[in-house]
Amino acid sequence: MKSIEDLKKIREATLEAVCPREGNAVRVVVGMATCGIAAGARPVLAACEDEVGKRGLSNVTVTQTGCIGVCRLEPIVEVYVPGEEKVTYVKMTEEKARRVVGEHIAGRRIVTELTIGAAE
Amino acid sequence: MEPVKPHTHDETVTSLNNTDFYKHQLRVALRNCGVINPESIDEYIAFDGYSALARALTEQTPAEIVEIVLKSGLRGRGGAGFPTGRKWQFAADAQNDVKYVACNADEGDPGAFMDRSVLEGDPHSVIEAMVIAGYAVGAHQGYIYVRAEYPIAVERLNIAIRQAKEYGFLGDNIFGTGFAFDLEIRLGAGAFVCGEETALITSIEGNRGEPRPRPPFPAVKGLFGKPTLLNNVETYANIPWILQNGWEKFAAIGTEKSKGTKIFALGGKIRNTGLVEVPIGTTLRTVVEEVGGGCPGGKKFKAAQTGGPSGGCIPAAHIDIPIDYESLSSIGSMMGSGGLIIMDEDNCMVDIARYFLDFTVDESCGKCTPCRIGTKRLCQLLDKITGGSGTMEDVELLEELCAHISNNSLCALGQTAPNPVLSTLRYFRDEYEAHVIDKKCPAGVCKGLLQYGINDKCTGCTACVRVCPTGAISGKVKEKHVIDPAKCIKCNACMEKCRFNAIVKG
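Residues numbered from 1 in each chain as written. Chains lettered and ligands numbered in written order. Predicted model: local features only at pLDDT ≥ 70, side-chain atom pairs only at ≥ 80, totals over all residues. Heavy atoms only, no water.

### Some points on the packing of aromatic side chains
Keep this limit in mind: Aromatic rings from Phe, Tyr and Trp, taking only the six-membered ring of Trp, are treated as a pair when their centres fall within 6.5 Å; an angle between ring planes under 30 degrees marks them as stacked, one over 60 as edge-to-face, and anything in between as tilted. Strands are runs of DSSP state E lasting at least two residues, helices are runs of H or I lasting at least four, and both sets are numbered from the N terminus onward. Accessible area is worked out with a 1.4 Å probe on protein chains only. A residue is then buried under 20% of its type maximum, exposed over 50%, and partly exposed in between. Over a ring means this: the NZ of a Lys or the CZ of an Arg is within 6 Å of the ring centre and within 35 degrees of the ring normal.
A full pass over the atoms with the stated rule returns twelve aromatic pairs over all chains. A centroid spacing of 5.0 Å and a plane angle of 75° characterise the contact between F192 of chain B and F359 of chain B, whose relative ring orientation is edge-to-face. Highlighted residues: F192 of chain B in the loop between β4 (179–188) and α9 (197–204) and F359 of chain B in helix α14 (residues 349–363), separated in sequence by 167 residues. The same class applies to F192 of chain B as to F359 of chain B, namely buried. One aromatic cluster is present, built from ring pairs that chain together Y44, Y50, Y167, F169 and F175 of chain B. Over the ring of Y22 of chain B we find K86 of chain A; its NZ or CZ atom is 5.9 Å from the centre of that ring. Of note, K262 of chain B hangs over the ring of F264 of chain B, and the distance from its end group to the ring centre comes to 5.7 Å.

### Some points on the packing of helix α4 (residues 62–72) of chain B against helix α10 (residues 233–245) of chain B
All names here are of chain B. Heads up, the rule is: Where helices are involved, their axes are fitted lines through C-alpha atoms of the stretch in contact, as for all axes, and angles between N-to-C directions lie from 0 to 180°. We call two directions roughly parallel when the angle between them is under 35 degrees, roughly antiparallel when it is over 145, roughly perpendicular when it lies between 65 and 115, and oblique otherwise. In what follows, residue pairs with any heavy atoms lying within 4.5 Å of each other are defined as contacts. Lys, Arg, Asp and Glu make up the charged group, whereas Ala, Val, Leu, Ile, Met, Phe, Trp, Tyr, Cys and Pro make up the nonpolar group; the residues left over, Gly among them, are polar.
Closest axis-to-axis distance for the α4/α10 pair is 10 Å, and the angle between their directions is 100°. Classified by the angle between their axes, α4 and α10 sit roughly perpendicular to one another. Contact residues: I65, I68, V69 and S72 in α4; I239, I242 and L243 in α10. Looking at the contact of α4 with α10 residue by residue, the classes come out as six nonpolar, one polar and no charged.

### Overview of the sheet that holds β4 of chain B
Residues and elements named next belong to chain B. This is how it is decided: Note: two strands are recorded as paired if DSSP finds a minimum of 2 bridges between them.
Strand order in the open sheet formed by five strands is β3-β4-β2-β1-β5, with mixed pairing between adjacent strands. In this open sheet, the two edge strands, each paired with only one partner strand, are β3 (171–174) and β5 (228–232). Neighbour-to-neighbour, the strand axes of the sheet open up by a mean angle of 25°, direction not taken into account.

### Examining the layout of surface pockets
All names here are of chain B. This is how the line gets drawn: Lining residues are defined by having an atom within 4 Å of a point belonging to a cavity or pocket. Those points lie on a 1 Å grid over the protein atoms alone, cavities being sets where a 1.4 Å probe fits but cannot get out and pockets being open sets with protein on both sides within 12 Å along at least five of seven lines. Grid points are joined across faces, edges and corners, and a volume is the space filled by probe spheres set on the points.
Volume-wise, the largest pocket comes out at about 1100 Å³. If you trace the largest pocket, you find 39 residues lining it, with G78, G79, A80, G195 and E197 closest to the centre. Listed by contribution, the elements that provide at least two residues to the lining of the largest pocket are α5 (84–93), β5 and α17 (412–416). The leading source of residues in the lining of the largest pocket is β5, at five residues.

Listed below in structure tokens is the structure:
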């Protein structure tokens, strides 16, 4: 890393994956701070990755992230689709995660009853 | 105060961004937390990471950076609120061949997890800020002091430091400017006193974590006797944002004397426990009722505790107070590092004070007498009052002892240890009097003052008899039962079991 130009190159190369702005790219993040992991986020993350792989979905990035903030509703999975408001799924389990991958990511239908607004 | 409106769930809200919890928040220090992968330096860079460092090293002088931090109005987020820019100025002005930069990640307040979340969610923001700080004050070595109880934070910091070295953001000749800076982690063993800056420095040096008198302040004589800039995790996390967006934009957030945002770990009797970041100056009411969603079960909000064992309580009467450094100290509380514990009508304030004193007794390092012995005596007096044998003389003695401990302790741990007692005495004196004079705990918490009884709603179902572990309950089937106070251990099992609300305590 020698210059601001080098930094810009990395920025541009990564930005599309982190923050998809167009096309079919979808980003799925799982809250994996201490709070999320304690609530069972590890198997949820593994289930998301596994289900995406099984279905052979391309253009989908599944990754961990830090504390999303709503510790009460962990484990949390958020889905970013270009041009749409992110969707927050709460109190996730492996089964729910597989369902979200199937219905929301593959089928593009939000699983409303698993989202934050439907909690409790 | 009116009971908070019950939460109604709304299936049209599918995104966290549209919830009441999130609407009042503003994420500056937590800008990347919960968004990027903390183990990917590329993702940090994609969100403008390390661009502030690049610009600082290639286009700005150290003096210009100190000036920007000064003008931003950023104050120390560890709790005391000292202007960060002035600290940087002192460290920059200190004349020495070797200087250090250190990060205080020894987060010890019960229930607080702001720093942990920043380190776990966005470790590069702290690393970037520390390199910038090194350049600004003329240091080439940094230390992050983090407690070993935060294994995930430590792991992600280690990954982040390794990546930063690979990319050349740490090491020699950063961005080809000839500036060199290296960073190491030091693990703390979890002593609360090591969050105090002089004790932290002593601990990094490899000695037992005990404070020493100030002055000299660390900026003049710190780590290994050299000038040391020591800031909190959250303070550092704000720095790259300020340099990227300009001090004007940061200074536009907050109040006249307290700029920017503050992260709070919201806990206790609150519906939405979690991690929140709000502009400084947001009222406590907004945080409790809107962000937090009020107390669960429609219970009445009684007080908020800030600043942990060093802080105080904000009673419901002051719920409209803006949360900033000056306003909170004016009512005998403090901003603190960000623990915000909500209490409802079921919390006994004397018991809360006793809880915090119990904590400081454990955590006092023992170096100075006022703290070592004073906190122990305070705790004994509180035990006596909550146990039912307290007198009004004990309450007076409490106040006298508080003043002695505050005025004579060596470090902030002792100086602030009486705060939970002083602030509960100030706002909830009636509860102390109820314990001492009426021998009653109004909230029904202090076991020594509780009496369990059975009222006329009793149907004689015998459920309580079967659950009572000491055989204290007797009575004929289908007739009203009685509790023998001599046998009752106040375990509350009967109350939980009874379906007729026939068990009463008071």
